Amino acid sequence: MLSRRHSESESEETGIDLAPMLDFVLNLLIFFIITTSFVKEAGINVNREQAATADSKESGNILIAIRPNGDIWMEKRKVGLREIRQEIERLHIERAEDTVVIIADKESQTSVLTQVMDQVKLGGVSDVSIATAPAAS
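A short tour of the structure in this document, coming up. (Residues numbered from 1 in each chain as written. Predicted model: local features only at pLDDT ≥ 70, side-chain atom pairs only at ≥ 80, totals over all residues. Heavy atoms only, no water.)

**Thoughts on the nonpolar core**
The line we're drawing: The set of buried Ala, Val, Leu, Ile, Met, Phe, Trp, Tyr and Cys residues whose side-chain atoms join them within 4.5 Å is what this entry labels a nonpolar core. Residue exposure (1.4 Å probe, protein chains only): buried if accessible area is under 20% of the type maximum, exposed if over 50%, otherwise partly exposed. Going along the chain from the N terminus, every DSSP run of H or I of four or more residues is numbered as a helix, and every run of E of two or more is numbered as a strand.
Core analysis: the biggest nonpolar cluster contains 18 residues, and Ile 64, Ile 84, Ile 88, Val 100, Val 116 and Val 120 have the highest contact counts within it. Elements supplying a minimum of two residues to this core: β2 (62-66), β3 (72-74), α3 (81-94), β5 (100-104) and α4 (110-122). Top contributing element to this core by residue count: α4, with four residues.

**Quick word on the sheet that holds β5**
Our working definition: Two strands qualify as a pair provided DSSP detects at least 2 bridges between them. What counts as an axis is a line fitted to C-alpha atoms, over the stretch in contact for a helix, and the angles between N-to-C directions run from 0 to 180 degrees.
Read from one edge to the other, the open sheet built from five strands follows the order β4-β3-β2-β5-β6, with strand pairing classed as mixed. Both outer strands of the open sheet, β4 (77-79) and β6 (128-130), are each paired with one neighbouring strand and no more. With direction set aside, neighbouring strand axes in the sheet form an average angle of 30 degrees. Where β3 meets β4, three bridges bridge the pair, whose relative direction is antiparallel.

Any functional reading would require information beyond the geometric quantities listed.
Here is the structure:
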């Protein structure tokens, strides 16, 4: 009779403890929030030139925008031409697999675009792309 009471009290206590599972799910949620890549912006709006033969590519890690008046924007702030190389070198050391996308306004001068591309390549990043708007069909 004594053994029977002992087995009844054990069966009443059986159940699933959800606390460890909730901790695990919360940790997964925090991990995915931290590792999510967010959409980066150059800091200004630019009217891009249209190109019919442009290849679609994932957005780059480093965005540089050139305004019609020649202003250069990077990391949501205005930078000078001499600062680009230093910023690219700094960012390239932190993340060696970075790519650069230059978003030049269609009214901007080609000379500014080529100077920016030179500074990016001197900074150590060889994967440089120029952003275009999709061609109107």
